[in-house]
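Analysis of the macromolecular model
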Amino acid sequence: MSNKTLENLMAAFAGESQANRKYLAYAKKAEAEGNKNAAKLFRAAADAETLHAHKHFEVAGKVKSTKENLEDAVNGETHEYKEMYPEFLEVAKEEGNKEAIKTFNFALKAEEVHAQLYKEALENVDSQEEVTYYLCPVCGNIEKGIPGKCFICGVPGEKFIKY
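This is a predicted model, so every value here is computed, not measured.

1. Here we look at the overall build of the protein
From N to C terminus, the protein includes 4 helices and 3 strands. Secondary structure elements in the protein, listed N-terminal to C-terminal, are α-α-α-α-β-β-β. The dimensions of the protein, computed from C-alpha atoms along their principal axes, are 50 × 45 × 40 Å. With an accessible surface of roughly 11,200 Å², the protein has 52% of that area assigned to carbon and sulfur atoms. When the 22 positive and 27 negative side-chain charges of the protein are each reduced to one mean point, those points stand 6 Å apart.

Written out as structure tokens, the structure reads:
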């Protein structure tokens, strides 16, 4: 595959991925405003964008074995909590943007947890033992059991979503 086609596939993947997240945010807002039809359309379009993104990523050769995918996930999450979010936090602090500081802090701490969970999954990639995960709906923290409250943002454990 040519370098330009690979670049285009990855740019398309990024664009479709962002469109998915954006449309889901729009759907949430439309629902809050009582506009069910717009919310449904945004959700359908978000799912369509996901289909496109997955296919572009696959054709680019980026979906590999589970072990390789876990290694990639560890590297990505580690980059985010060690390099990306600390830099973003510095800028937000310099600019005095309290909401950005809060969201970057939540993400930084959650990404560190994600990296550790991916490392554990990689170490146990051949295990058939089922694991249940719980997601904090506010900060994105993931736990293997329901906590009393989220250690990152303080949300009560009963609000966590089971996977």
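2. Quick notes on the nonpolar core
Phe 106, Ala 110, Tyr 134, Cys 136, Cys 139, Cys 150, Ile 152, Val 155 and Phe 160 together form the largest nonpolar core, which totals 9 residues. Apart from residues lying up to four places away in sequence, Ile 152 is in contact with Phe 106, Lys 109, Ala 110, Cys 139 and Asn 141. In terms of nonpolar packing, the next biggest core, distinct from the first, is built from 6 residues, Tyr 81, Ala 107, Leu 108 and Ala 115 among them.

3. Things to note about the layout of surface pockets
Quantified by volume, the largest pocket comes out at close to 770 Å³. Taken together, 20 residues make up the lining of the largest pocket; nearest its centre are Phe 13, Ser 17, Asn 20, Arg 21 and His 54. With 8 residues, helix H1 (residues 3-32) is the largest single contributor of residues to the lining of the largest pocket. Split into classes, the residues belonging to the lining of the largest pocket amount to 6 nonpolar, 5 polar and 9 charged. Empty space within the second largest pocket amounts to approximately 540 Å³. Among the elements of the structure, helix H3 (66-95) and helix H4 (98-123) are those that each provide at least two residues to the lining of the second largest pocket. When residues in the lining of the second largest pocket are grouped by element, the largest group, 6 residues, is from H3. Residues belonging to the lining of the second largest pocket are distributed by class as follows: 8 nonpolar, 4 polar and 4 charged.

4. Regarding the packing of aromatic side chains
Aromatic rings in a pair are described by how distant their centres are and how their planes are angled relative to each other. Scanning the entire structure with this criterion turns up 7 aromatic pairs. Plain terms: the ring middles of Phe 13 and Phe 57 are 4.3 Å apart, the flat faces sit at 25° to each other, and that makes the pair stacked. Remark: Phe 57 occurs in helix H2 (residues 36-59) and Phe 13 occurs in helix H1; sequence separation between them is 44 residues. On the basis of relative accessibility, which here comes to 22%, the residue Phe 13 falls in the partly exposed class.

5. Observations concerning the packing of H3 against H4
Taken N-terminus to C-terminus, the directions of H3 and H4 make an angle of 160°; their axes are 8 Å apart at the nearest point. Considering the angle they form, H3 stands roughly antiparallel to H4. As for the relative orientation of H3 and H4, their crossing is left-handed in sense. Residue composition of the contact of H3 with H4, grouped by class: 18 nonpolar, 3 polar and 8 charged.

6. Topic: the pattern of salt bridges
If you walk through the whole model with that rule in mind, you get 5 salt bridges. Among the salt bridges present, the one from Lys 29 reaches Glu 33, with a minimum N-O distance of 3.7 Å. For Glu 31, the salt bridge identified is with Arg 43, shortest N-O distance 3.1 Å. Of the two residues, Glu 31 is situated in helix H1 and Arg 43 in helix H2; the sequence distance between them amounts to 12 residues. Its relative accessible area of 32% is what places Arg 43 among the partly exposed residues.

What counts and how
Numbers given for residues are sequential positions, taken from 1 along each chain in its written order. Local features are withheld for residues below a pLDDT of 70 in this predicted model, meaning they are given only at 70 or higher, and side-chain atom pairs are given and counted only at 80 or more; totals for whole chains, interfaces and linings count all residues. As a rule here, side-chain values come from all non-hydrogen atoms in the structure, and water together with hydrogens is ignored. Helix and strand assignments follow DSSP, with helices taken as H or I runs no shorter than four residues and strands as E runs no shorter than two, numbered in order from the N terminus. Each accessible area is a Shrake-Rupley result for a 1.4 Å probe, and residues are judged covered by the shown protein chains and nothing else. Counted as positive: Lys and Arg. Counted as negative: Asp and Glu, with His and the chain ends omitted from the count. Charge positions are represented by NZ for Lys, CZ for Arg, CG for Asp and CD for Glu. Grouping buried Ala, Val, Leu, Ile, Met, Phe, Trp, Tyr and Cys residues that are joined through side-chain atoms within 4.5 Å yields what is termed a nonpolar core. Note on exposure labels: buried denotes an accessible area under 20% of the residue type's maximum, exposed denotes more than 50%, and partly exposed covers the range between, all computed with a 1.4 Å probe on protein chains only. Contacts are residue-level and defined by heavy atoms, with any inter-residue pair within 4.5 Å sufficient. Both site types are read off a 1 Å grid over the protein atoms alone. A 1.4 Å probe that fits but cannot get out defines a cavity, while an open set with protein on both sides within 12 Å along at least five of seven lines defines a pocket; lining residues have an atom within 4 Å of a point. Grid points are joined across faces, edges and corners, and a volume is the space filled by probe spheres set on the points. In this count, Pro and Cys sit with the nonpolar residues alongside Ala, Val, Leu, Ile, Met, Phe, Trp and Tyr, while Asp, Glu, Lys and Arg are called charged and the others, Gly among them, polar. Aromatic rings from Phe, Tyr and Trp, with only the six-membered ring used for Trp, were paired whenever their centres fell within 6.5 Å, and each pair was classed as stacked if the ring planes differed by under 30 degrees, edge-to-face if by over 60, and tilted otherwise. Geometry is summarised by axes, namely lines fitted to C-alpha atoms with helices restricted to the contacting stretch, and by angles between N-to-C directions that run from 0 to 180 degrees. In these notes the angle categories are as follows: under 35 degrees is roughly parallel, over 145 is roughly antiparallel, 65 to 115 is roughly perpendicular, and the rest is oblique. Rotating anticlockwise by less than a right angle from the far helix to the near helix defines a left-handed crossing, while the corresponding clockwise rotation defines a right-handed one. Take a side-chain nitrogen of Lys or Arg and a carboxyl oxygen of Asp or Glu: if they are within 4 Å of each other, that pair is a salt bridge.

Worth remembering: the numbers are spatial, not functional.
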